[in-house]
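Survey of secondary and tertiary structure
What follows is each chain in one-letter form.
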2 protein chains.
Amino acid sequence: MSGESRATWADNWLGYREEIKVVDVTIRDGGLMNDHEFADDVVRDVYEACVEAGIDYMEIGYINSQEQFPPGEFGPWKHCREEDLRRIVGNNDTSLKLAAMADAEKSDYKTDILPASESVLDMIRVATYIHQMPLALDMVKDASDKGYETTLNLMAVSTVPESEVKSALEMLVRSDVGAVYVVDSFGSLYSEQIRALCNMFFKYCEGTPIEVGIHAHNNRQLAFANTIEAVVLGANCADASFAGLGRGAGNCQMELLLGFLHNPKFRLRPVLKCIEQYVEPLRSKLLWGYDYPYMITGLLNQHPRAGMAFNASEDRGKIVQFYDQMEEQE
Amino acid sequence: MSGESRATWADNWLGYREEIKVVDVTIRDGGLMNDHEFADDVVRDVYEACVEAGIDYMEIGYINSQEQFPPGEFGPWKHCREEDLRRIVGNNDTSLKLAAMADAEKSDYKTDILPASESVLDMIRVATYIHQMPLALDMVKDASDKGYETTLNLMAVSTVPESEVKSALEMLVRSDVGAVYVVDSFGSLYSEQIRALCNMFFKYCEGTPIEVGIHAHNNRQLAFANTIEAVVLGANCADASFAGLGRGAGNCQMELLLGFLHNPKFRLRPVLKCIEQYVEPLRSKLLWGYDYPYMITGLLNQHPRAGMAFNASEDRGKIVQFYDQMEEQE
């Protein structure tokens, strides 16, 4: 499907496209703020809320290396061992599909990812930087051969030259990946840039069964706006999280996204209930969400790590000090 | 200028249009959260920061009726008496222009608005609902005859049938108003709707000197996104406020807008400094900004007053209770 034909939906915003799949990333992306150490009742409530809300996929954590990231130092959602998954979801006899993310160069994917027939997981999402593409494609193949649906999430796309994005797309469309994601890791992209990237992704995926996805961060309060921009253009996979829980400024808010989508299968109330009871109570400790330091790293197209360190320090709130420090480093 | 020719700029987002005027509404719109009772040092610091930041206009308050709104019950920025203005800005010997807003049916404009030659104000902005258009046009004429620049802000446009918006525009383009604003009072519009409205406004203003402006609210975290959408399409007047201070979910954040605009006359640092020292310290008392009740009123295309009352009550934080209450009323 071309970008042009995808765009016709824009003229009918009261309608909906059944093909749009919503992926909850609350526990997976949120885990970057607490070393993946969520209490079971939080994970279980998010899971149950996803089921009740009609969400398509829940990404429950990472399958990253237990050698590089020892279980004693990280919570269970860094590794998604089968026994941890089943403690929460049983056999997952629901319509919600489960996903886990594996990071290129951080995952012992060949051994740690079980055959799909032995796992409650349905999908493996491979996260990669541009220079790790060959490895990432091997990870996609491994997961696909094991029977999983797959996505490839090309991180920090805002820092990659256009020609390299195109090379990556050329490699990708020859793979059997299910979807390829535009990932605004640094929350630095404006809608015009999202539009240009999506149209590039659509062009390469045209004539293939590969869907385009969008994963946005909220450094400049554009996560929701950029997500719906991509969806209106034709992206059929949209990532979001409860209360926007995620690294730094966080993600596209699920509660906003479900309010926008018009597929009657979606329900907003279970999401609000879970946010009130389980997610918002975490905010004062996890400190995710739009804040000046993240706005500034987004403006500079940088990883939010400097903002995260600043917000965890006693200098939190000294906005001008952080701005001066970042400008000096430029 | 047609919508089409305006849009060419979208292909060159690193450039800038000199015609774009930024209007600070911090004290005016923020005054709706504290009965316009700001300490002088806050107003003075916002004023000085606007000057240093290269902002074009500062809207400092309302000129509304002292009979309807007795000075004892409201702070000085409900009336913008000349002595109050001059206490803050002296003779305003700066490049910053000053504006005040007059509400249709709430302003004794004929008597309370001095001739421009006797005032430090440069611009009168008339706020009107659709049914008050004839009165609003008389207010525009009065201000224009007195020597002011003028704008007309058509509030709550998300609730007005398209045919009536067109009738209002037909009346407006025969007036000598300087700019006409798309005002998303309830924070309920998506970018596609902003686009449709802006293009309608551009079409009527084509061939006239009337500019199109945008005033967005942040109920669904779209205030900034919708503002830059309108600017990219060709709107040349953009309202924003420091830290988004404004009624309910607040406005487009000045700090985000200045980060987006590329005119080198703009400076971000003075805005951040004022936010850190004077604006953020007000947040715990004024309670503006994105929050679930405002998201819900935005979703329902309703005035934020129910959300404001809920957030001021002891039930604040009981998101599901508010959602159920609003759904029941639908």
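Bringing the overall build of chain A into the picture now. Regarding its fold elements, chain A presents 15 helices and 8 strands. A globule of 330 residues ought to have a C-alpha radius of gyration of about 20 Å, and chain A, at 19 Å, matches this closely. Long-range pairs, those at least 24 residues apart, make up 77% of the contacts in chain A with a sequence separation of at least 6.

Let us now look at the interface of chain A and chain B. If you look at the interface, chain A gives 28 residues, while chain B gives 28 residues. Looking at the side of chain A that touches chain B, the elements that each hand over two or more residues are α8 (191-205), α9 (223-233), α10 (254-260), α11 (269-279), α13 (292-299) and α15 (319-329) of chain A.

Residues and elements named next belong to chain A. Spatially, the 8 strands close up into a barrel ordered β1-β2-β3-β4-β5-β6-β7-β8, and their pairing is parallel. Between one strand axis and the next, the sheet turns by 25° as a mean value, whatever way the strands run. In this structure, strand β1 (residues 21-24) lies alongside strand β8 (residues 237-240), joined through 4 bridges in parallel fashion. Bridging across to β8, Val-23 finds its partner in Asp-239. The strands touched by helix α6 (residues 133-145) within the sheet are β3 (97-103), β4 (123-128) and β5 (149-154), with β4 carrying the most contacts at an inclination of about 175°. In this fold α9 packs onto β6 (179-184), β7 (211-216) and β8, with an angle of close to 170° to the strand it touches most, β7.

Another point: the relation of the copies chain A and chain B. Taken as rigid bodies, chain A and chain B are interconverted by a rotation of 180° and an axial shift of 0.0 Å, the fit giving an RMSD of 0.0 Å. Both copies are brought into coincidence by an operation consistent with a two-fold rotation axis.

A separate point is helix α6 (residues 133-145) of chain B. Residues and elements named next belong to chain B. In a regular helix each residue adds 1.5 Å, so 13 residues correspond to 18 Å; α6 covers 18 Å between its end C-alpha atoms and thus fits that length. If you check which residues of α6 are buried, you get Ala-136, Leu-137, Met-139, Val-140 and Ala-143. Viewed along the axis of α6, the buried residues span an arc of 155°, placing them on a single side of the element. Residues Pro-134 and Asp-145 are exposed on α6 and point more than 90 degrees away from its buried face.

Before going further, it helps to spend a moment on the environment of Val-183 of chain B. Residues and elements named next belong to chain B. If you trace the backbone, Val-183 turns up in strand β6 (residues 179-184). With 23 C-beta atoms packed within 10 Å, Val-183 lands in the buried category. Expressed as a C-alpha distance, the spacing of Val-183 and Leu-222, which sit 39 residues apart in the sequence, is 13 Å. Those residues in contact with Val-183 that lie beyond four places of it in its chain are Asn-153, Leu-154, Met-155, Val-157 and His-215.

Turning next to α9 of chain A. Note: α-helices contain 3.6 residues per turn, so residues at a spacing of three or four share the same orientation. Residue and element names in this part refer to chain A. Along α9, 11 of the 11 residues are buried, which leaves the element largely enclosed by surrounding structure. If you check which residues of α9 are buried, you get Ala-223, Phe-224, Ala-225, Asn-226, Thr-227, Ile-228, Glu-229, Ala-230, Val-231, Val-232 and Leu-233. Following α9 by one or two positions, Gly-234 adopts a phi angle in the positive range, close to 135°.

The biggest cluster of nonpolar side chains holds 217 residues, and the ones touching the most others in it are Val-180 and Val-182 of chain A together with Val-180 and Val-182 of chain B. With near-sequence residues (within four places) excluded, Val-180 of chain A lies in contact with Leu-152, Leu-154, Leu-172, Phe-201, Cys-205, Ile-210, Val-212 and Gly-213 of chain A.

The next subject is the domain arrangement of chain A. Residue and element names in this part refer to chain A. We note that the domain assignment places domain 1 (3-286) and domain 2 (292-329) within chain A. Computed from C-alpha coordinates alone, the two centres of domain 1 and domain 2 are separated by 26 Å. The partner domain 2 presents 10 residues to the 10 residues of domain 1 that form the contact.

Looking now at the pairing of strand β1 (residues 21-24) of chain B. As paired elements, β1 of chain B and strand β2 (residues 57-62) of chain B share 2 bridges and run parallel to each other. The residue bridging Asp-24 of chain B from the neighbouring strand is Met-58 of chain B, located in β2 of chain B.

Residues and elements named next belong to chain B. The parallel closed barrel is built from 8 strands, whose spatial order is β1-β2-β3-β4-β5-β6-β7-β8. Going from strand to strand, the sheet's axes swing by 25° on average, the running direction of each strand aside. As paired strands, β2 and strand β3 (residues 97-103) are joined by 5 bridges and run parallel to one another. Residue pairing in the sheet places Glu-59 in a bridge with Ala-99 of β3. Against the sheet, helix α8 (residues 191-205) touches β6 and β7 (211-216), its axis set at about 165° to β6.

Residue and element names in this part refer to chain A. Positive phi outside glycine occurs at Ala-156, with the angle close to 55°. Note that Ala-156 resides in the loop between β5 and α7 (162-172). Using a count of 17 C-beta atoms within 10 Å as the deciding quantity, one classes Ala-156 as partly exposed. Positive phi values are uncommon outside glycine, yet Gln-221 reaches one of about 55°. Locating Gln-221 in the fold gives a position in the loop between β7 and α9. The buried category is assigned to Gln-221, around which 23 C-beta atoms lie within 10 Å.

What counts and how
Residues numbered from 1 in each chain as written. Chains lettered and ligands numbered in written order. Predicted model: local features only at pLDDT ≥ 70, side-chain atom pairs only at ≥ 80, totals over all residues. Helix = DSSP H or I, 4+ residues; strand = E, 2+ residues; numbered from the N terminus. Rg over C-alpha atoms; globule rule 2.2 N^0.38 Å. Contact = placed C-beta atoms within 7 Å. Pairing = 2+ DSSP bridges. Axes fitted to C-alpha atoms, helices over the stretch in contact; angles between N-to-C directions. Least-squares fit on C-alpha atoms with pLDDT ≥ 70 in both. Expected span 1.5 Å × (residues − 1). Buried ≥ 20, exposed ≤ 12 C-beta atoms within 10 Å, placed from the backbone. Arc of directions from axis to C-beta. Core = buried A, V, L, I, M, F, W, Y, C linked by C-beta atoms within 7 Å. Domains from an automatic or database assignment.

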